[in-house]
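Understanding the architecture of this molecule
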Amino acid sequence: MSLSIGIHDLSLATGEFVLEHTTLAAHNGTEIGKYHVGIGQESMSVPAADEDIVTMGAAAAAPIIARHGTDRIRTVVFATESSIDQAKSAGVYVHSLLGLSSATRVVELKQACYGATAGLQFAIGLVQRDPAQQVLVIASDVSKYDLDSPGEATQGAAAVAMLVSVDPALVRIEDPSGLFTADVMDFWRPNYRDTALVDGQESIGAYLQAAEGTWKDYSEQGGRPLGEFAAFCYHQPFTKMAYKAHRHLLNYCGYDTDPGDIARALGQTTAYNTVIGNSYTASVYLGLAALLDQADDLSGRPVAFLSYGSGSVAEFFAGTVVAGYREHLRTGANQEAISRRTPLDYAGYRELHEFKFPADGGDHATPQQTTGPFRLAGISGHKRLYQRR
Ligand code: CAA
């Protein structure tokens, strides 16, 4: 008998600060319409000097632990492409900050922005094998490009934590999945850089090619017709990209590309991404959070997911929203995580952008900036020191 497995709880966190695109546009002389309309972004989250993927990931997961306890969590999957260490999983720090049992497996996954979807699918497999266990999947990223580069306006930072279990309260994930991999150099970050490199137009083309490839495979595997979905959660490096991808799929499938219909299918998935910016692995699940928090009752309705990670790997899959899901949402907390951010002026943003620990093995404390539940206190002897505030 096939089990009902999926997302039982979903929680998000983001950075302490926010840079409005109007501030960036005033600095670099860009006409604001390019940001607000052309790429569909209003503002971007910027982490404090004492925040990173660990503090955001722990902040996203802590409310899930508070609600469900730790007893059934036997696996933590931490997905990121802004890793802080080449060996140790960021998830181990989160495991410690949250006080999870030592009888837990913890691992970090990487394939650009696709990593969290790999984590979700792995989690489903683990729960299928042992239905008593729950898997904590955390997606956490800081998106950082060079100052004054075209990618700068598409930065952002956020974490999403998802508890995966049988009989989920929010979304039941379905088979089949449509899969696509191609060896392309559209976006990458060599180990010696802390900012990403990107070929902007190539990356848009690679995303569209991957969207089409996953859809083709999804259809061949016997998936639902495109017209059946109530909404579409796309990976959103900038929210306009979701519109480009959806128009592309509609065209490919021979459907009408009426802008009103496209806006109805996507509009409610972009509300958080448009003010947070690119959160890489978390982006597609921020889209889901925004949809569930804002849409009219979706009980029993299928929702489509298109997860894209540059390089590139992509997956198209479906989930059915579970009846009664609205009682389990965290709408107030999600909106508070966004509205509580402190605005930065350009000089403050630039200072944080340039902040870097010296690699000398000495003691380096961070300034106390975050008002979140966890902070990176500094480094000492090349070791990162985290604390609960
Ligand atoms: N009013 C309204 N619209 C305007 C405008 C104005 N005043 N000025 C320009 N625009 C429009 C342009 O017409 C264009 O729209 P279309 O795409 O519909 O043609 C849009 O604004 C952007 O303009 P440009 O293409 O000229 O902008 P750009 O050269 O500065 O680059 C970008 C845009 C390529 C997205 C760049 O921001 C970038 O490199 N971003 C990072 C890479 C990225 O996000 N790629 C997405 C796919 S890869 C992926 O998904 C993985 C990931 O997370 C990175």
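As named in an unreviewed UniProt entry, the protein chain is Hydroxymethylglutaryl-CoA synthase, taken from Streptomyces asoensis. UniProt lists a comment for the protein chain under the heading Sequence similarities (unreviewed entry), and it reads "Belongs to the thiolase-like superfamily. HMG-CoA synthase family."

Ordered by their spatial adjacency, 3 strands build an open sheet running 3-2-15, and the pairing between neighbours is mixed. The sheet is open, and its two edges are formed by strand 3 (43-46) and strand 15 (342-343), each paired on a single side. With 2 bridges connecting them, strand 2 (residues 17-20) and strand 15 associate as parallel partners. By the bridge assignment for strand 15, Val18 is matched with Pro343. Packed on one face of the sheet, helix 1 (residues 21-28) meets strand 2 and strand 3 and runs near 50 degrees to strand 2.

It is worth spelling out the site of the ligand at this point. By nearness alone, 24 residues border the ligand, and Glu31, Lys34, Ser203, His235 and Lys244 come closest of all. Between the ligand and Lys34 there is a distance of 2.8 Å, counted from an oxygen atom to a side-chain nitrogen or oxygen. For the ligand, an oxygen atom lies 3.3 Å from a polar atom in the side chain of Gln201. In isolation the ligand has 1100 Å² of accessible area, and contact with the protein removes 71% of it. Structurally, the ligand is housed in the second largest pocket. When contributions to the shell around the ligand are tallied by element, the ones reaching two or more residues are helix 2 (32-39) and helix 6 (200-220). Along the lines of polarity and charge, the residues of the shell around the ligand split into 11 nonpolar, 10 polar and 3 charged.

The rules behind each value
- Residues numbered from 1 in each chain as written.
- Predicted model: local features only at pLDDT ≥ 70, side-chain atom pairs only at ≥ 80, totals over all residues.
- Heavy atoms only, no water.
- UniProt positions renumbered as here; feature names shortened; annotations may be inferred.
- Pairing = 2+ DSSP bridges.
- Helix = DSSP H or I, 4+ residues; strand = E, 2+ residues; numbered from the N terminus.
- Contact = heavy atoms within 4.5 Å.
- Axes fitted to C-alpha atoms, helices over the stretch in contact; angles between N-to-C directions.
- Near = heavy atom within 4 Å.
- Polar contact = N/O pair within 3.5 Å; in protein donor to acceptor, adjacent residues only side chain to side chain.
- Areas by Shrake-Rupley, 256 points an atom, 1.4 Å probe, with all protein chains shown as cover.
- 1 Å grid on protein atoms, 1.4 Å probe; cavity = no way out; pocket = protein on both sides within 12 Å on 5 of 7 lines; lining within 4 Å.
- Sits in = over half its atoms within 2 Å of the grid points.
- Nonpolar A, V, L, I, M, F, W, Y, C, P; charged D, E, K, R; others polar.

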